[in-house]
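# Overview (structure and organization)
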Amino acid sequence: MPQTKCLRALAPDVRRVVTASLTLSGAVGVFALSFGVLAVSAGASIAQTCALSLLTFTGASQLSAMAVIGSGGTVGAALGGSLLLAARNGVYGLALAPYFGDSLGKRLVTAQFIIDETTAMHMAETDPRLRKIAFWTTAIALYSCWNLGTLLGALAGSAIDPQQFGLDVAFTAAFVAMLYPHLVRRRARLAAAIGGAICLIAIPFSPVGLPVLLSGVAIFVGVPASGDES
Amino acid sequence: MSWWLVVWLSLGAYAFKALGFVVIGGRTLPGWLERSLLLIPAALLTALVLKDTFSTGTELVFDERVLGLGVAAFSAWRKMPLIVTVVLAAAATAIVRAL
C-alpha cells in the first residue's frame, strides 16, 4: 500500500502520531455515517445534514440538536442543549492557545478545528512539534472523514435503522476508548467519578445538554497543588 | 427542519471555539487552572458516556446500550484499536437487540 510506504519514510514518532490520527479519523467517519442517518430520520434534509457537519463541526452538539428536533423539540430547545455542549470547545481553545503562535488570520481558521479529538491528540503528546503534527493530521483527516461519512449516511437515510445496527452506541464506545488513557492518573479518575455522578444526578432535573456541562465542575479537583501529576 | 438551526448552531459553535483560542488565548495560565483544564476530558467524556448509555432525553433508562458500554470498556482495557472497540460495541448491542 502506498500509504504504508509513505508512513514508513517518516520518523518513528511522527509515524506513530499520524497512524493514530488516521485510525481515529477512520473510526469517526463510521460515526459520521450514523450521524447522517440519524439527522435525516430526525427531519433534516441531506443539504442541512451536510451543512451541519461542514460548518458546525462538533459531533456531540450536532447529535444533540438532531435528537431534540427528532423528538419534536423547537429550534430554541435544540440550540440550548447543543450550544452548552459546544461551550467545552471554548475551554479546549483556552488550553491550546499557548501552543499556537500564529497570526490572527491563521488562528481564526485553526479555531474551527478545535474539538474533542484534535485537543485529545494534541495533549497526548509532550514534544511541541509532535503536538502540532497530531493536531493538524487529526484536524484534516477527521474533517474529511466526518463530512464524507455524513454525506454517505444522509444519502443512505431512512433505508437504515441506526438502532438495529447498534450505531447509537458507536459514539459511546469511541468516548470510552478515548477516556481510558486519561484514567491512569489518580486525579483524572477522581474528576471522572465526580463528573459522571453529577451528570447522572442532573439528567432527570435539567434540559438535555446541561448535565454534561455541569459535570465540568469536577475539573476543579485539579485546583490543589499537591497530588500526583504523572 | 429550519435552516435557522444550522445557521445559529454553526455561528454559536464557532464563537465558542474562537472565544477561548483567539480572544482569551495566548496568555500563560496559572498552575491551578492549567491542572484543572487537563482534567476536562476525564470529566466530560465520562459524563457523555454515562448520558448516552443511561438516559433518553431527560429520563434515566437501563437497556441494551449497557452491554455495548461493557464491551467497549473491556475492549479499551485490552488496548484494542479504537475502530475495533467501536465495531465490537455496536455489534454486541445490535445482536442483543435482534434476539
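Conventions and cut-offs
- Per-chain numbering applies: the sequence of each chain, read as written, is numbered from 1 onward.
- In the order they appear in the text, chains get letters beginning with A and ligands get numbers beginning with 1.
- For a predicted model such as this one, the threshold for reporting local features is a pLDDT of at least 70, and the threshold for listing and counting side-chain atom pairs is 80 or more; totals across whole chains, interfaces and linings nevertheless cover every residue.
- In this description a helix means any DSSP run of H or I spanning at least four residues, a strand means any run of E spanning at least two, and both kinds are numbered starting from the N terminus.
- A radius of gyration in this sense is built from C-alpha atoms; the matching globule rule multiplies 2.2 Å by the number of residues raised to 0.38.
- Counts of 20 or more other C-beta atoms within 10 Å of a residue's own C-beta define buried residues, counts of 12 or fewer define exposed ones, and intermediate counts define partly exposed ones; C-beta atoms are placed from the backbone.
- Here, residue contact means that the backbone-derived C-beta atoms of the two residues sit within 7 Å.
- To estimate the expected span of a helix, count its residues, drop one, and scale the result by 1.5 Å.
- The source of the domain bounds is an automatic or database domain assignment.
- Any residue outside Ala, Val, Leu, Ile, Met, Phe, Trp, Tyr, Cys, Pro, Asp, Glu, Lys and Arg is labelled polar, Gly included; the first ten of those are nonpolar and the last four are charged.
- Think of a nonpolar core as buried Ala, Val, Leu, Ile, Met, Phe, Trp, Tyr and Cys residues, each tied to the set through C-beta atoms within 7 Å.
- Angles shown run from 0 to 180 degrees and are taken between the N-to-C directions of axes, each axis being a line fitted to C-alpha atoms and, for helices, limited to the stretch in contact.
- Angles below 35 degrees are treated as roughly parallel, those above 145 as roughly antiparallel, those between 65 and 115 as roughly perpendicular, and all remaining angles as oblique.
- Throughout, a crossing is termed right-handed when the near helix is turned clockwise from the far one, and left-handed when it is turned anticlockwise from it by less than a right angle.

### A word on the overall build of chain A
On a plain count of helices and strands, chain A comes out with 11 helices and 0 strands. In sequence order, the secondary structure elements of chain A are arranged as α-α-α-α-α-α-α-α-α-α-α. Its C-alpha atoms give chain A a radius of gyration of 18 Å, near enough to 17 Å, the size a compact globule of 230 residues would have. Projected onto its principal axes, the C-alpha coordinates of chain A cover approximately 50 × 50 × 35 Å. Considering chain A as a whole, with its 230 residues, one finds that 53% of them fall into the buried category. The contacts in chain A between residues at least 6 apart in sequence include a share of 70% that link residues at least 24 apart.

### A closer look at helix H10 (residues 186-202) of chain A
Along its 17 residues, H10(A) runs 24 Å from first to last C-alpha, staying within 8% of the 24 Å computed at 1.5 Å per residue. Among all positions in H10(A), only A:Arg187, A:Ala188, A:Ala191, A:Ala192, A:Ile194, A:Gly195, A:Gly196, A:Ile198 and A:Cys199 are buried. Structurally, H10(A) contributes buried residues whose contacts are with helix H11 (210-214) of chain A together with helix H3 (40-54) of chain B.

### Thoughts on the domain arrangement of chain A
Residues and elements named next belong to chain A. Taken domain by domain, chain A holds domain 1 (2-168) and domain 2 (185-230). Each of domain 1 and domain 2 was reduced to a C-alpha centroid, and the two centroids are 23 Å apart. Listed as interface residues are 10 residues of domain 1 and, on the opposing side, 7 residues of domain 2. When contributions to the side of domain 1 that touches domain 2 are tallied by element, the ones reaching two or more residues are helix H4 (59-70) and helix H5 (75-96). No other element matches H5, which puts 7 residues into the side of domain 1 that touches domain 2. Considered class by class, the residues forming the side of domain 1 that touches domain 2 number 5 nonpolar, 4 polar and 1 charged.

### Remarks on the interface of chain A and chain B
One frequent convention defines the size of an interface as the accessible area lost when the parts assemble. The interface of chain A with chain B comprises 84 residues on the first partner and 68 residues on the second. Sorting elements by how many residues they give to the side of chain A that touches chain B places H5(A) first, with 16 residues.

### Digging into the nonpolar core
Ranked by size, the top nonpolar core spans 105 residues in total, and within it A:Ala173, A:Ala174, A:Ala191 and B:Ala43 carry the most contacts. Broken down by element, the residue count for this core peaks at 13 residues, all from helix H2 (residues 12-42) of chain A. Setting aside chain neighbours within four positions, we find A:Ala173 in contact with B:Gly68, B:Ala72, B:Thr85, B:Val86, B:Ala89 and B:Ala90.

### Let's talk about helix H7 (residues 116-124) of chain A
Among the 9 residues that make up H7(A), 8 are buried, leaving the element largely enclosed by the rest of the structure. Within H7(A), the full set of buried residues consists of A:Asp116, A:Glu117, A:Thr118, A:Thr119, A:Ala120, A:Met121, A:His122 and A:Met123. Where the residues of H7(A) are buried, they touch H2, H5, helix H8 (128-156) and helix H9 (170-179) of chain A together with H3 of chain B.

### A closer look at the packing of helix H4 (residues 65-77) of chain B against helix H5 (residues 82-98) of chain B
Residues and elements named next belong to chain B. Running from N to C, H4 and H5 point in directions that differ by 150 degrees, and their axes come no closer than 8 Å. For the element pair H4 / H5, the angle class is roughly antiparallel. As for the relative orientation of H4 and H5, their crossing is right-handed in sense. Contacts between H4 and H5 involve Arg 65, Leu 67, Gly 68, Val 71, Ala 72, Ser 75 and Ala 76 on the former and, on the latter, Val 84, Thr 85, Leu 88, Ala 89, Ala 90, Ala 92, Thr 93 and Val 96. Counted by class, the contact of H4 with H5 contains 10 nonpolar, 4 polar and 1 charged residues.

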